Amino acid sequence: MKVLDAKFVQGFIRMCNDGWLQGWHERNGGNLSYRIKEEEIAEIKDELKEDADWQEIGTTVPKLAGEYFLVTGSGKYFRNVILDPEDSLSIIELDESGSKYRILWGMVNGGRPTSELPSHLMNHEVKMIASGGKHRVIYHAHTTNTIALTFVLPLEDEVFTRELWEMATECPVVFPSGIGVVGWMVPGGRDIAVATSELMKQYDVAIWAHHGMFCSGEDFDLTFGLMHTVEKSAEILVKVLSMGSKKLQTITPDEFRALAKDFKVDLPEKFLYEK
Ligand code: 2HA
Ligand code: ZN
């Protein structure tokens, strides 16, 4: 099968374009990666080339040794993915030590995988283990309202989670484990990757102050839907804060507990503090 005809590639391209249409990917902002299934790699084997050089990832992910990923390219624009996926995307393979990668397909005009490859792969490793292999998608976007909130809310997991839960009833059901927050750091390197993957041990969402958001999920629909839900909730909070008056009413801790019971989700008590 042709790489571009594979269902997972089509789903990946659609997600890139959906993110672009949301306004989350100005210029070359944001990146997406998918951990490819064995049977999906088998289907496209004929089109993969094994002659490229091995390159350093910039961190080590031993549990991902030998895994294959579809990733967006460094400096590439989400806006262009749908028009020329072979220029914007690549399929990479990791070596047996989990410290190097090589390009098997894509990036036909040169280039390398996303500048956030260390963060993506460290998050993949943590989430693969935490989800028993189910999580396959890591998504980073420059979500406007969520970024705006990082200037006015304390950069604490408890505050972001609780405030965003309160903005829409579906939120605690969509991200019951909450949201982690990373203070401002230099992007692209191992340090921010370590800080993010540490949070991803307990959360599926991490916010980078003054930068954007990372989400992890099982498939494209769930991961895009998670990012969309958090960002929509952030948009409501921005509107509420912009109206200038205090909230007259909201969802209370006991109401969250009632929701948790009926919707059969665990909501950690650390987010249900008295204000
Ligand atoms: O430009 O979003 O974090 C890609 C990025 C870096
Ligand atoms: Zn970014």
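Small disclaimer: the values here were computed from a predicted structure and weren't measured. (Residues numbered from 1 in each chain as written. Chains lettered and ligands numbered in written order. Predicted model: local features only at pLDDT ≥ 70, side-chain atom pairs only at ≥ 80, totals over all residues. Heavy atoms only, no water.)

(A) Quick peek at the overall build of the chain. Looking only at helices and strands, the chain has eleven helices and nine strands in total. For the chain, the spread of C-alpha atoms along the principal axes amounts to about 65 × 35 × 35 Å. Within the chain, buried positions represent 53% of all 275 residues. For the chain, contacts bridging at least 24 residues in sequence account for 73% of all contacts bridging at least 6. For the chain, the accessible area works out to roughly 12800 Å², and carbon and sulfur atoms hold 51% of it. In the chain, the 29 positive side-chain charges and the 42 negative ones have mean positions that sit 3 Å from each other. (Helix = DSSP H or I, 4+ residues; strand = E, 2+ residues; numbered from the N terminus. Buried < 20%, exposed > 50% of the residue type's maximum accessible area, 1.4 Å probe, protein only. Contact = heavy atoms within 4.5 Å. Areas by Shrake-Rupley, 256 points an atom, 1.4 Å probe, with all protein chains shown as cover. Lys, Arg positive; Asp, Glu negative; His and termini not counted. Charge placed at Lys NZ, Arg CZ, Asp CG, Glu CD.)

(B) Quick look at the side chain of Arg102. Along the chain, Arg102 falls in strand S5 (residues 100-106). The exposure class of Arg102 is buried, given its relative accessible area of 12%. For Arg102, the side chain forms a polar contact with the main-chain oxygen of Glu50, separated by 3.0 Å. Within the structure, Arg102 has its side chain in polar contact with the side chain of Glu93 (distance 2.9 Å). The residues contacting Arg102, other than those within four sequence positions of it, are Glu50, Ala52, Asp53, Trp54, Ile91, Ile92 and Glu93. (Polar contact = N/O pair within 3.5 Å; in protein donor to acceptor, adjacent residues only side chain to side chain.)

(C) Geometry of the packing of helix H7 (residues 157-167) against helix H10 (residues 220-242). It is at 8 Å that the axes of H7 and H10 come closest, and there the two elements cross at 85°. Compared by their axis directions, H7 and H10 come out roughly perpendicular. Contacts between H7 and H10 involve Glu163, Leu164 and Met167 from the first element and Val230, Ser233, Ala234, Ile236, Leu237 and Val240 from the second. Class assignment for the residues of the contact of H7 with H10 results in seven nonpolar, one polar and one charged. (Axes fitted to C-alpha atoms, helices over the stretch in contact; angles between N-to-C directions. Parallel < 35°, antiparallel > 145°, perpendicular 65-115°, else oblique. Nonpolar A, V, L, I, M, F, W, Y, C, P; charged D, E, K, R; others polar.)

(D) Layout of the coordination of the zinc ion (ligand 2). For the zinc ion (ligand 2), every protein donor is listed as His140 (NE2), His142 (NE2) and His211 (NE2), and the spread of their distances is 2.0 to 2.1 Å. Linear spacing of the donor residues for the zinc ion (ligand 2) on their chain is H-x1-H-x68-H. With His142 in the loop between strand S6 (137-141) and helix H6 (144-149) and His211 in the loop between strand S8 (205-208) and strand S9 (212-217), this residue pair connects regions lying 69 residues apart in the sequence. With respect to class, His142 is no different from His211; both count as buried. (Donors = N, O, S within 2.8 Å, 3.2 Å for Na, K, Ca; no water.)

(E) Spatial organisation of the site of ligand 1. Asn28, Gly29, Gly30, Asn31, Ser115, Glu116, His140, His142 and His211 make up every residue found near ligand 1. At 3.0 Å, a backbone N or O of Asn28 approaches an oxygen atom of ligand 1. In this structure, an oxygen atom belonging to ligand 1 sits 3.0 Å away from a side-chain N or O atom of His211. Starting from 220 Å² of accessible surface for ligand 1 in isolation, the protein chains cover 86%. (Near = heavy atom within 4 Å.)

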